[in-house]
2 protein chains.
Amino acid sequence: MSNKPTESELEVLKVLWTKGPSTVREVNDLLNESREVGYTTTLKIMQIMAQKGFVSRDESSRTHVYSAAVQEGDIKNALVDRLMETAFSGSASQLVMQALGRGNASKEELQRIKELIKRLEGGES
Amino acid sequence: MSNKPTESELEVLKVLWTKGPSTVREVNDLLNESREVGYTTTLKIMQIMAQKGFVSRDESSRTHVYSAAVQEGDIKNALVDRLMETAFSGSASQLVMQALGRGNASKEELQRIKELIKRLEGGES
DNA sequence: ATTTATTTACGAATCTTTTCGTAGAATGTT
DNA sequence: AACATTCTACGAAAAGATTCGTAAATAAAT
């Protein structure tokens with residue numbers, strides 16, 4: 001749980017976060033919509049994730065049901081922290097500037113960011 | 001060049017970006033200030049990077065001098081894009097909100113971000 | 001000139017992650 | 001019942017990244 005998930009593990013987590021508790025078959029089918037993955041490959045990854053504590057599973061029926069055991073926000077925080085650390089010398093604003101500079105934030109998104117900044121500044125004007 | 005640098009490769013690039021063209025010895029010495037790395041390890045990584053096109057090198061003297069062959073901004077863009085894609089479903093604002101939510105942005109940094117947003121808002125329409 | 005140090009090149013050991021083949025158990029189908 | 005399908009478990013192959021040992025060449029030191 002302390003460690004960060006790998007690429008593949010993150011893919012699985014994203015499925016579990018959005019679809020909720022799922023079987024290997026369900027996760028694998030969804031993954032195969034974007035890229036080709038063997039069933040046992042997905043199974044193996046999810047077994048490893050269970051071992052690492054990223055997911056928990058219900059083994060009461062033959063077909064196990066997996067659930068995310070880590071919070072979406074926690075993992076994303078960790079990923080952002082890591083990128084901030086490794087590439088942006090720990091500076092949040094550098095990362096933010098780089099991200100905004102990509103240019104694919106809509107007016108509404110910019111508005112929401114401005115509101116967040118206001119809140120962070122203390123709520124004045 | 002098309003691919004993304006690994007962790008270690010990024011470390012080397014950061015050195016070359018900030019210190020400019022450097023020898024393996026210089027890079028390795030700097031890396032060893034934060035963690036222990038063998039000289040030949042750093043050498044090998046930089047050789048691989050040369051092969052991948054991440055760095056170029058001047059072999060005119062026995063001690064080769066390496067220079068970054070990729071732009072700092074380009075790589076950081078790619079890293080941000082990748083995180084945005086893999087973890088935030090391609091949404092810049094989600095990534096930004098998460099980063100700002102970490103709480104380690106100073107008033108001055110927030111100010112600079114606000115100015116960037118103003119520029120982004122004013123630039124179009 | 002001989003020895004010592006530094007550097008590159010090469011290859012291999014190690015480690016992590018990803019992938020998949022195979023076997024055996026459980027379930028479903030005919 | 002016999003056969004086919006689905007699932008888990010296990011192990012190992014394949015691929016990528018990291019680490020380092022060793023040898024050969026060059027340079028520096030004595």
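Above: the structure in question.
Residues numbered from 1 in each chain as written. Chains lettered and ligands numbered in written order. Predicted model: local features only at pLDDT ≥ 70, side-chain atom pairs only at ≥ 80, totals over all residues. Heavy atoms only, no water.

### Describing the layout of surface pockets
Summary: where empty space remains is shown by rolling a probe the size of a single water molecule over the atoms. One number sums up the size of the largest pocket: a volume of about 430 Å³. Every residue lining the largest pocket is counted, 18 residues in all, and those nearest its centre are A:Glu7, A:Arg82, B:Lys4, B:Glu7 and B:Arg82. Secondary-structure elements contributing two or more residues to the lining of the largest pocket are helix 1 (7-19) and helix 4 (72-88) of chain A together with helix 1 (7-19) and helix 4 (72-88) of chain B. (1 Å grid on protein atoms, 1.4 Å probe; cavity = no way out; pocket = protein on both sides within 12 Å on 5 of 7 lines; lining within 4 Å. Points joined across faces, edges and corners; volume = space filled by probe spheres on them. Helix = DSSP H or I, 4+ residues; strand = E, 2+ residues; numbered from the N terminus.)

### A word on unusual backbone geometry
Residues and elements named next belong to chain A. The residue serine 89 is not glycine, and still its phi comes out positive at about 50°. Assignment of secondary structure puts serine 89 in the loop between helix 4 and helix 5 (92-101). The exposed category is assigned to serine 89, whose relative accessible area is 60%. (Buried < 20%, exposed > 50% of the residue type's maximum accessible area, 1.4 Å probe, protein only.)

### Thoughts on empty space enclosed by the protein
All names here are of chain A. If you walk through the whole model with that rule in mind, you get 1 cavity of 30 Å³ or more. Estimates place the volume of the largest cavity at around 30 Å³. Along the walls of the largest cavity sit Ser8, Glu11, Val12, Leu31, Arg35, Val37, Thr42 and Ile45, which together make up its complete lining. Where the lining of the largest cavity is concerned, the elements lending two or more residues are helix 1 and helix 3 (39-52). No other element matches the 3 residues that helix 1 contributes to the lining of the largest cavity.

### A short note on the interface of chain B and chain A
Listed per partner, the contact involves 43 residues of chain B and 41 residues of chain A. Here chain B and chain A share an interface that buries about 4100 Å² over both sides, 62% of which is from carbon and sulfur atoms. Contact with chain A buries surface across chain B, with B:Lys76, B:Met97 and B:Arg102 losing the most and accounting together for 12% of the total. Along the contact surface separating chain B from chain A lie 4 salt bridges. Taking the shortest distance from any N to any O, the salt bridge between A:Lys114 and B:Glu121 comes out at 3.0 Å. Put simply, chain B and chain A have 16 residue pairs in polar contact (both at pLDDT 80 or more) between them. For the side of chain B that touches chain A, the secondary structure elements donating two or more residues are helix 1, helix 4, helix 5 (92-101) and helix 6 (107-123) of chain B. Looking at the side of chain B that touches chain A element by element, the count peaks at 13 residues for helix 4 of chain B. (Contact = heavy atoms within 4.5 Å. Buried area = accessible area lost by both parts, 1.4 Å probe. Salt bridge = Lys/Arg side-chain N within 4 Å of Asp/Glu carboxyl O. Polar contact = N/O pair within 3.5 Å; in protein donor to acceptor, adjacent residues only side chain to side chain.)

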